[in-house]
Amino acid sequence: MRSRMRAFVSALALATGIATASVSLPAYADPAPDVGNWQSVLDQARGQTVYWHAWGGEPRINDYIAWAGDQVFERYGVKVVQVKLTDTADAVTKVLSEKTAGVNDGGAVDMIWINGENFAAMKRNELLFGPWVEETPNFEYVDVEGKPTVVNDFTVPTDGLEAPWGMAQVSFYYDTAKLDSVPKSAQALLEWLAKNPGRFTYPQPPNYMGSTFLKQILTELVQNPKVLQQPADEVDAKAVLEPLWGYLEDLQPLLWRNGQAYPQNGAAMRTLLGDNEIDIAFSFSSGEVSSAIEAFELPDTVRSYVFDNGTLGNTNFVAIPYNASAKAGAVVLADFLMSPEAQLRKQDPQYWGADTVLAMNKLPADMQEAFANLDLGIASLAPAERGTVLPEPHPSWMELVETEWQKHYGVVQ
Amino acid sequence: MLRFVPIITIAFMIGPVSAGLIGTLLPAFGILPALGGTEPGLDPWAALFAQPGIWQSVRLSLVNGLIASFVSVAIVMLFCAAWQGTRIFRAMQRILSPILAVPHATAAFGLAFLIAPSGWIARLIAQFAGWDRPPDIAIIHDPLGIAMIAGLVAKEIPFLFLMTLAALPQADTDRTAQITATLGYGRIAGWFKATLPRIYPQIRLPVLAVLAYSTSVVDVAIILGPTTPAPLAVRILGWLSDPDLALRFMASSAAILQLLVVVVAIGIWVAAERFIALAGRQIAANGQRFRHDGGVRAGSAVLAGLSAGALILGLVVLLIWSIAGFWGFPDILPRSFSLRLWQREYDAIGSSLVTTLLIAVPTVVIAIVLVLGCLEHETRSRHKPGRGAIWLIYLPLIVPQISFMFGLQVFFTLIGLERTLISVVLSHLVFVLPYVFLSLSDPFRALDPRYGQTALCLGASPMRVFWHVRLPLLTRAVLTAMAVGLAVTVGQYLPTLLIGAGRFATVTTEAVALASGGDRRMIGIYGLLQMVLPFAGFACALLIPAILFRHRRGMNAQNRG
């Protein structure tokens, strides 16, 4: 007994010894760059390595990021390493755990591809560096007037804490070889589904694509859409949400698998369409659908469309954590991502196919022409075909809807 | 010097786990200063139990974990009982060993495509039934979780089979089989009555590890398991990934709940063991011969073959996916093929394999050195570790990874080792050590002590006995343990990602990131890549002893462990 106790105490002592005797690596202290003085930012950035935490599920996007990294290295001497994530929240967790451990400088995350709830959470918990965005050179090209969501992320003001990178708009897609006509409103969808039961579904909330579908339906069915721009606790939320629950009651038994199982994300839903399990799916980017066709995930007869009364649109951003090790390098990279050249390549479906955040009328003439001459891809929607872009509701509505959805539909008896 | 090895090993295993657990226990009771949690309280627990379907999730995890483990153990035992010593047995050995190299997620993806209503088997049927749309039946993601159980069983059978194989030579099975046959018992009955009671204690630890894994599995549950509600571990992952940071408290308490679920599952299993032992003693002595067991024998072969076959077929199908153009329902084969994706990934493959090896080699080497040191120390001091030590070895296997990853991250950040190779190797070591210990300890302990004693009598020093007598005799066991360790470290995802902070892009981190894109082609490519290194490891474990001992009949597979 005693020798066992001794062994245990020695083990504990050794573990503590290892911990305390470890040599601490010097934290890479990086003073905040003075974004107003761009040359000083460039000087500070040269030689830095930016660890950019971005979703890595789409090889075409990874290739684009690699290209951007090469460009930034050639021009400014900044090295870029993409840390491929399955979920943006992993990067948020990283910064949070560093803050917990008191690592307020020299952090592991230099830049995050982020928007919506993740951004709101980081902003609320003071995990971001900034403000810095509006002083960067390329911010002058951003379409702040025509695309209000570039400075308002899901109604939360960005306050210069995140740089706009791409636009997203909900669009639906289907196989023209299998369907002749498609429903173009929430009500029409319900009627179509009654005739074709089991041929539609949506990702399970709280996945953001599934939540987006619920928001889309809510925006269409609510009596006064403007009420959604206010926080939910300032109005009679229950009354506002009633039409949504009524709609879902009717929708539920008609869904794929009778609503007993849901795809877990947008990519899984796209696979279902490719497998002919469902007939209609939706995504945040019609360019993504063209990319999917090129990557053999969908047949080449797939086309995109929008609802008659408009679909939700938002912006995605890049942000810098408060304790990043390479803040200057990250600022330089973000600035490059907003440049007309980078945005042009991004919109080209050969490379990615996502929509630009820039205003055409702010660009120099040659760039305007280049954008106009882009071949957008067979399943992408041309700007004229986009229809109305509806604004995203305040995040509090989404939290409310997700919680209620979980209670009613998240558990099947 | 050797005295300290067990202490160091335990420190490496429980140090990080305890640190991680503390890092999870504190937020579970409301303490996480970075998020403003400074007062202890039970709010996270209240929030947890208010979640819709929480008890259903708990029940799913518990029951499905128990069923999957029981079915795997039953099939392995039946198969060994029915076919040990025959050609079919040796054939199955050869088929099942490489399957160990297949990552759980890859196997689950392959199986998912096979059995889905729009999957390969359904497409075969569609050719005859004339379907142009897949039937709307919930086979994958069924609410009872049967597909998930199937996926777990398919991967657990090879692992338990390997563990049983390691234990069989020590139990003098050939002579036992001869005696029971002479006494008139059927093959299966004889094995179950005479050999199983001797084998089972040796594979008990791996079985409990399998049980802990099945009860807390995440990736197989995401691919095959129910979604309304999902098993507990999947929901925890969802809460940890939720942008609403306040959910971290609830996620931590859920992680502790997951730990309790695993403990309860083990408790139920142990209780069942006692019961079966009691009942078994009665049955063993009642004289029933069960001679006519041909049907059960055939059935066991069919079941084992089915699980191996399904897995291999799933892999073949994933290979086809990796070179496929568009492949829609109800085509049996893709309409076009394309090597474009392989070509594009070619460059990235090399660097990710190198990074994987950079982490794997030190991990496996340190693990095997420590484990051999512990076991040798045990043999020399003739002091078997107490039950407490056994459970300490268990700890990293029982505690679900999710339950202590956050705390572990904070721990490594606090000691300033974060983002270094050392910290990634240390965090991998936490998971590799138990598996290496499990696979090596029984063959080591079961080695006939008389070899060592004879060598000592002939004047050799204990070191010489170790290097020149014991180690060569255990070559196959050591190499197998190293291969198991290699497979475990290659398959690690959360530790590499979180503790390496993205500085180390291994094959598995790339694979999981790409799997989130849903494209079966990328899943196929990276799933196959994930298998390369473990496969090489197991191939070495088979080939090296065969080559080294090709002139020594006493060392061939039949006679040695």
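Just so you know, these numbers come straight off a predicted model, no measurement behind them.

### Details of the overall build of chain B
Inference 1: Helix and strand counts for chain B come out as 23 helices and zero strands.
Inference 2: The globule rule puts the C-alpha radius of gyration for 561 residues at 24 Å, and the 24 Å found for chain B is close to it.
Inference 3: Overall, the C-alpha framework of chain B stretches about 65 × 65 × 50 Å when taken along its three principal axes.
Inference 4: Residue pairs at least 24 apart in sequence account for 81% of intrachain contacts in chain B once pairs closer than 6 positions are excluded.
Inference 5: Counting only carbon and sulfur atoms, one obtains 69% of the accessible surface of chain B, whose full area is about 22,700 Å².
Inference 6: Of note, chain B has its 40 positive side-chain charges centred 14 Å away from the centre of its 23 negative side-chain charges.

### Re the overall build of chain A
Inference 1: When its secondary structure is counted, chain A shows 14 helices and 11 strands.
Inference 2: In terms of C-alpha radius of gyration, chain A reaches 24 Å, essentially the compact-globule figure of 22 Å for 413 residues.
Inference 3: Reported as C-alpha extents along the three principal axes, the dimensions of chain A are approximately 75 × 70 × 45 Å.
Inference 4: When each of the 413 residues of chain A is scored for burial, the buried share is 62%.
Inference 5: Within chain A, residue pairs in contact and separated by at least 24 positions form 81% of the contacts whose partners lie at least 6 positions apart.
Inference 6: Only carbon and sulfur atoms are counted for the fraction: they give 52% of the accessible area of chain A, which is about 16,200 Å².
Inference 7: Counting 29 positive and 52 negative side-chain charges, chain A places the centres of these two groups 8 Å from one another.

### A look at the packing of aromatic side chains
Inference 1: Here the structure, examined in full by the defined rule, presents 34 aromatic pairs over all chains.
Inference 2: When the centroid spacing of 4.2 Å and the interplanar angle of 10° are considered together, the rings of Phe172(A) and Phe307(A) count as stacked. Residue Phe172(A) is located in strand β7 (residues 171-175), and its partner Phe307(A) is located in the loop between β9 (302-305) and β10 (311-319); the two are separated by 135 residues in the primary sequence. In this structure, Phe172(A) and Phe307(A) share a single accessibility class: buried.
Inference 3: With centroids separated by 5.2 Å and ring planes inclined at 65°, the aromatic side chains of Tyr262(A) and Trp405(A) adopt a geometry described as edge-to-face. Residue Tyr262(A) is found in the loop between α8 (237-251) and α9 (266-274), and its partner Trp405(A) is found in helix α14 (residues 395-409); the two are separated by 143 residues along the sequence. Pair check on accessibility: Tyr262(A) and Trp405(A) agree, each one buried.
Inference 4: Clustering of aromatic rings is evident, with ring pairs tying together Phe172(A), Tyr174(A), Phe200(A), Tyr202(A), Phe213(A), Tyr262(A), Phe282(A), Tyr305(A), Phe307(A), Trp405(A) and Tyr409(A).
Inference 5: Directly above the ring of Trp83(B) sits Arg297(B), whose terminal nitrogen or CZ lies 4.3 Å from the centroid.
Inference 6: In this structure, Arg503(B) is placed above the aromatic ring of Tyr51(A), and the distance from its NZ or CZ to the ring centre is 3.2 Å.

### Looking at helix α5 (residues 116-124) of chain A
Inference 1: Gly116(A), Asn118(A), Phe119(A), Ala120(A), Ala121(A) and Met122(A) are the residues of α5(A) that are buried.
Inference 2: In this structure, the buried side of α5(A) is in contact with α4 (88-100), β3 (111-114), β4 (152-153), β5 (156-157) and β6 (162-169) of chain A.

### Topic: the pairing of strand β8 (residues 280-283) of chain A
Residue and element names in this part refer to chain A.
Inference 1: What you see with β8 is no split at all: Ile280 and Phe282 on one side and Ala281 and Ser283 on the other are buried throughout.
Inference 2: In the sheet, β7 pairs with β8 via four bridges, with the strands oriented antiparallel. Note that in β8 the partner of Phe172 across the bridge is Phe282.

### Looking at the nonpolar core
Inference 1: If you look at the biggest cluster of nonpolar residues, it comprises 147 residues, and the most contacted ones within it are Leu224(B) and Leu440(B).
Inference 2: Apart from the residues lying within four places of it in its own chain, the contact partners of Leu440(B) are Ile368(B), Val371(B), Leu372(B), Leu375(B), Ala477(B), Val478(B) and Ala481(B).
Inference 3: Counting residues in each nonpolar core, the second largest holds 58 residues, with Tyr174(A), Leu228(A), Ile280(A) and Ala379(A) among its members.

### Overview of helix α3 (residues 59-76) of chain A
Residue and element names in this part refer to chain A.
Inference 1: For α3, which comprises 18 residues, the first-to-last C-alpha distance of 25 Å matches the rise-based estimate of 26 Å (1.5 Å per residue) to within 8%.
Inference 2: Buried within α3 we find Pro59, Arg60, Ile61, Asn62, Tyr64, Ile65, Trp67, Ala68, Gly69, Gln71 and Val72.
Inference 3: Gly77, located one to two residues past α3, shows a positive phi value of around 70°.

### Quick notes on the side chain of Asn316(A)
All names here are of chain A.
Inference 1: Along the chain, the position of Asn316 falls in strand β10.
Inference 2: Of note is the side chain of Asn316, whose polar atom sits 3.2 Å from the side chain of Trp113.
Inference 3: Excluding anything up to four places from it in sequence, Asn316 contacts Trp113, Ile114, Asn115, Ala163, Pro164, Trp165, Gly166 and Ala168.

### Concerning the interface of chain A and chain B
Inference 1: Contact residues are listed per partner, giving 86 residues for chain A and 73 residues for chain B.
Inference 2: Interface area, chain A with chain B, both sides summed: about 6,200 Å², of which 57% is carbon and sulfur.
Inference 3: Taken together, chain A and chain B are joined by six salt bridges.
Inference 4: Scanning the region where chain A abuts chain B turns up 16 residue pairs in polar contact (both at pLDDT 80 or more).
Inference 5: Residue assignment for the side of chain A that touches chain B shows that the elements contributing at least two residues are α1 (2-21), β1 (49-55), α3, β2 (79-85), α4, α5, α9 and α14 of chain A.

### What to know about the sheet that holds β8(A)
Residues and elements named next belong to chain A.
Inference 1: With antiparallel pairing, three strands are arranged side by side in an open sheet as β8-β7-β9. Both edges of this open sheet fall to β8 and β9, since each of them pairs with a single strand only. The average angle at which neighbouring strand axes cross in this sheet is 30°, direction not considered.
Inference 2: Here β7 pairs with β9 via four bridges, running antiparallel. Considered in β9, the bridge of Asp175 is made with Val302.
Inference 3: Helix-sheet contacts for helix α10 (residues 286-294) involve β7, β8 and β9, and the interaxial angle to β9 is about 175°.

### Some words on the environment of Cys80(B)
Residue and element names in this part refer to chain B.
Inference 1: The topology assignment puts Cys80 in helix α3 (residues 54-83).
Inference 2: The buried category is assigned to Cys80, whose relative accessible area is 0%.
Inference 3: When the C-alpha atoms of Cys80 and Trp191 are compared, they prove to be 8.4 Å apart, with 111 residues separating the residues in sequence.

### A short note on the packing of helix α8 (residues 173-182) of chain B against helix α9 (residues 187-216) of chain B
Residue and element names in this part refer to chain B.
Inference 1: One way to put it is that α8 packs onto α9 with a least axis distance of 9 Å and a crossing angle of 150°. Judged by the angle between their axes, α8 and α9 are roughly antiparallel. Viewed along their axes, α8 and α9 form a crossing whose handedness is right-handed. Residues Thr173, Thr176 and Thr180 of α8 touch α9, and the partners they reach there are Gly190, Ala194, Thr195 and Arg198.
Inference 2: When its residues are assigned to classes, the contact of α8 with α9 shows one nonpolar, five polar and one charged.

### Observations regarding the environment of Leu259(B)
Residue and element names in this part refer to chain B.
Inference 1: Assignment of secondary structure puts Leu259 in helix α12 (residues 247-284).
Inference 2: Leu259 gets classed as buried once you look at its relative accessible area, which sits at 16%.
Inference 3: Distance from Leu259 to Ser403, taken between C-alpha atoms, is 7.2 Å for residues 144 residues apart in sequence.
Inference 4: Setting aside residues up to four positions removed in sequence, Leu259 forms contacts with Leu21, Ile398, Val399 and Pro400.

Rules used throughout
Residues numbered from 1 in each chain as written. Chains lettered and ligands numbered in written order. Predicted model: local features only at pLDDT ≥ 70, side-chain atom pairs only at ≥ 80, totals over all residues. Heavy atoms only, no water. Helix = DSSP H or I, 4+ residues; strand = E, 2+ residues; numbered from the N terminus. Rg over C-alpha atoms; globule rule 2.2 N^0.38 Å. Contact = heavy atoms within 4.5 Å. Areas by Shrake-Rupley, 256 points an atom, 1.4 Å probe, with all protein chains shown as cover. Lys, Arg positive; Asp, Glu negative; His and termini not counted. Charge placed at Lys NZ, Arg CZ, Asp CG, Glu CD. Buried < 20%, exposed > 50% of the residue type's maximum accessible area, 1.4 Å probe, protein only. Phe/Tyr/Trp six-rings, centres within 6.5 Å; stacked < 30°, edge-to-face > 60°. Lys NZ or Arg CZ within 6 Å of the ring centre and 35° of its normal. Pairing = 2+ DSSP bridges. Core = buried A, V, L, I, M, F, W, Y, C linked by side-chain atoms within 4.5 Å. Expected span 1.5 Å × (residues − 1). Polar contact = N/O pair within 3.5 Å; in protein donor to acceptor, adjacent residues only side chain to side chain. Buried area = accessible area lost by both parts, 1.4 Å probe. Salt bridge = Lys/Arg side-chain N within 4 Å of Asp/Glu carboxyl O. Axes fitted to C-alpha atoms, helices over the stretch in contact; angles between N-to-C directions. Parallel < 35°, antiparallel > 145°, perpendicular 65-115°, else oblique. Left-handed = near helix turned anticlockwise from the far one by under 90°. Nonpolar A, V, L, I, M, F, W, Y, C, P; charged D, E, K, R; others polar.

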